[in-house]
Amino acid sequence: MTGALALLVGACGDPVVIIGDSPGTLRIVAGIPDVAGDSLGDRALESMLNLPQGLAAADDGTVYISDRDNARILELRADGTIAVLVDENLRVPDGLSLDGRGGLLLADPFDQRIQRVDLATGDMVPIAGTGQRGTSPDSVDALEAALTTPSDVAVGPDGRVYFAETGTHRVRRIEPDGVLVTVAGRGTPGFSGDGGPARQAFLSEPAGLVFGEGVLYISDSGNNRIMAIQLRDSLITTIAGVGTPGFAGDGGPATDALLDHPTALAIANNAAVLYIADTGNHRIRAVNLATGTISTIAGNGTEEFNGDLLPAGATALASPRGLGASAFGLLYISDSGHHVVRRTPIAFQGLP
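Residues numbered from 1 in each chain as written. Predicted model: local features only at pLDDT ≥ 70, side-chain atom pairs only at ≥ 80, totals over all residues. Heavy atoms only, no water.

Participant: Hey, could you run me through unusual backbone geometry in this one?
Facilitator: Across the chain, the bulk of peptide bonds are trans and the bulk of non-glycine residues have phi less than zero. A positive phi angle, close to 75 degrees, is found at serine 139, a residue other than glycine. The phi torsion at glutamate 213 lies on the positive side, around 50 degrees, for a residue other than glycine. Residue class for glutamate 213 comes out exposed when judged on its relative accessible area of 69%. (Buried < 20%, exposed > 50% of the residue type's maximum accessible area, 1.4 Å probe, protein only.)

The following block contains the structure:
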């Protein structure tokens, strides 16, 4: 074990969870492969999940999981145990984000709401949406707005909450006074506006959000692209994908690559690397933001489960739909179709 990895072991606190971790290897940390259910055992590896999706990794080693088809939020603890955080008043929980103020934000696309969970008490309150499906204009109070399929949520550097309103093809934000504003998208699907103001651009089914160094990254799933909005000037540009679904481009410019309905995003390595759940390709892709190149870091493109503790690039993933990067240099992946959550060290991986 290298000195750096030994430090990582100490930081994460649980030798059971850490043994076998090595750069470039994927290991299952929650769920039973290809077994969908709701039974929780003493440990996460003895517990059943059902289509895990959103992930959020906290600084204390806890990982929060949207157990989508069980309509609950789970907390995977650093000692390898798992527990229910919320299992009431949810329908289909999806994207998660920590707000830095002791709260966990979640998007529920079937309940048409953005919720906030107080991690100290477990209490959950809505912060956007009435529960009714619909379309609301800007400048209305977020709690009085009808939403359509909000699927992911992220917290900006100033603490404001952003969410992907997938059904109206927009990214929206909650202002300090509680009203909604549109950040990107025109309300109907399309693709235009690259290089111009984000509010004048068209998106198609935005599905994932993440912030890094003054930039909001968006998985524009229906357009098979990843977009970036510079917060300083609100201009939007494509950073990955040409718009055509497919798989190609590893080792070259991300803007020349093919993606297939990307969903979740994560950022790590001091905002130097953007990770993409390339869901339709059953892979995790990585964009080196300094060089603009793209590579595959996990998934072999096939879906049939082929084991644990394999090289990440040789591991079969099934429609991965959740990503979470931890402060300990670990990337968590919701291997949704296999009903498990996996993990790989990323701080030690070189990227082109």
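Participant: Sorry if this is basic, but what is going on with the pairing of strand S20 (residues 283-288) here?
Facilitator: A regular strand carries its side chains on alternate faces of the sheet. Of all six residues in S20, six are buried; the element is thus mostly enclosed. The alternating pattern of S20 places Arg283, Arg285 and Val287 and Ile284, Ala286 and Asn288 on opposite faces, both of which are buried. The sheet contact formed by strand S19 (residues 273-278) and S20 spans six bridges and is antiparallel. In the sheet register, leucine 274 faces S20, and the bridge partner there is valine 287. Connecting S19 to the antiparallel partner S20 that follows it, the hairpin turn spans four residues, and histidine 282 within it adopts a positive phi of roughly 55 degrees. Looking at chain direction, S20 and strand S21 (residues 294-298) are connected through four bridges and run antiparallel. In the sheet register, alanine 286 faces S21, and the bridge partner there is serine 295. Between the end of S20 and the start of S21, which pair antiparallel, lie five residues, with glycine 292 showing a positive phi angle near 80 degrees. (Helix = DSSP H or I, 4+ residues; strand = E, 2+ residues; numbered from the N terminus. Pairing = 2+ DSSP bridges.)

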